[in-house]
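A closer look at the structure
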Amino acid sequence: MLTYEFMKEVVVCTAFIFIIIAGAGGWTYWICELVSFIRRKVKNRKAEKQAGKE
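These notes cover the structure that comes with them. Counting starts from 1 at the beginning of each chain's written sequence and moves along it residue by residue. In keeping with the model being predicted, local features are shown solely for residues with a pLDDT of at least 70 and side-chain atom pairs are shown and tallied solely at 80 or more, while totals for entire chains, interfaces and linings include all residues. Hydrogens and water are ignored here; the side-chain numbers use all heavy atoms of the structure.

Some remarks on the pattern of salt bridges
Salt bridges are defined by distance alone: a side-chain nitrogen of Lys or Arg within 4 Å of a carboxyl oxygen of Asp or Glu. Counted according to the given criterion, the structure contains 1 salt bridge. Between Glu5 and Lys8 there is a salt bridge, with the nearest N and O atoms lying 3.6 Å from each other. You can see Glu5 and its partner Lys8 sitting in helix α1 (residues 4-53), 3 residues apart, about one turn around the helix. Accessibility expressed as a relative area gives 44% for Glu5, which makes it partly exposed. You can call Lys8 partly exposed: its relative accessible area is 40%. Elements are defined by DSSP. Helices are runs of H or I of four residues or more, strands are runs of E of two residues or more, and each kind is numbered from the N terminus. Exposure classes here rest on a 1.4 Å probe applied to the protein chains alone. A residue is buried below 20% of its type maximum, exposed above 50%, and partly exposed in between.

What follows is the structure in structure tokens.
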């Protein structure tokens, strides 16, 4: 069972899975950063409007 061809396929499949996970992790990171940036901008704009009304 542990032949060269089998181990080569295991290594290739593992590398492929790691690449997919790293890509998904990168997309998740950037999406979270974008959402937090937008929330900060909205919060600051609301604070500026409140300060202008007073």
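So, next bit.
Quick word on the packing of aromatic side chains
Stacked, edge-to-face and tilted labels apply to pairs of Phe, Tyr and Trp rings (six-membered ring for Trp) whose centres lie within 6.5 Å, assigned for plane angles under 30 degrees, over 60, and everything in between, in that order. By the definition in use, this model includes 1 aromatic pair. With a centroid separation of 5.0 Å and 75° between ring planes, the pair formed by Tyr29 and Trp30 is classed as edge-to-face. With a relative accessible area of 59%, Trp30 lands in the exposed category.

Quick notes on a nonpolar patch on the surface
Patch definition: residues above 30% relative accessible area lacking any salt bridge, with like charges linked at up to 9 Å and the nonpolar side chains Val, Leu, Ile, Met, Phe, Trp and Tyr linked at up to 5 Å. For the accessible areas, the method is Shrake-Rupley and the probe is 1.4 Å, while residue cover comes only from the protein chains on display. Taken together, the side chains of Met1, Leu2, Phe6, Met7 and Val10 present a nonpolar region at the surface, about 530 Å² in accessible area. Looking at the element boundaries, Val10 is found in helix α1. Assessed through its relative accessible area of 33%, Val10 is described here as partly exposed.

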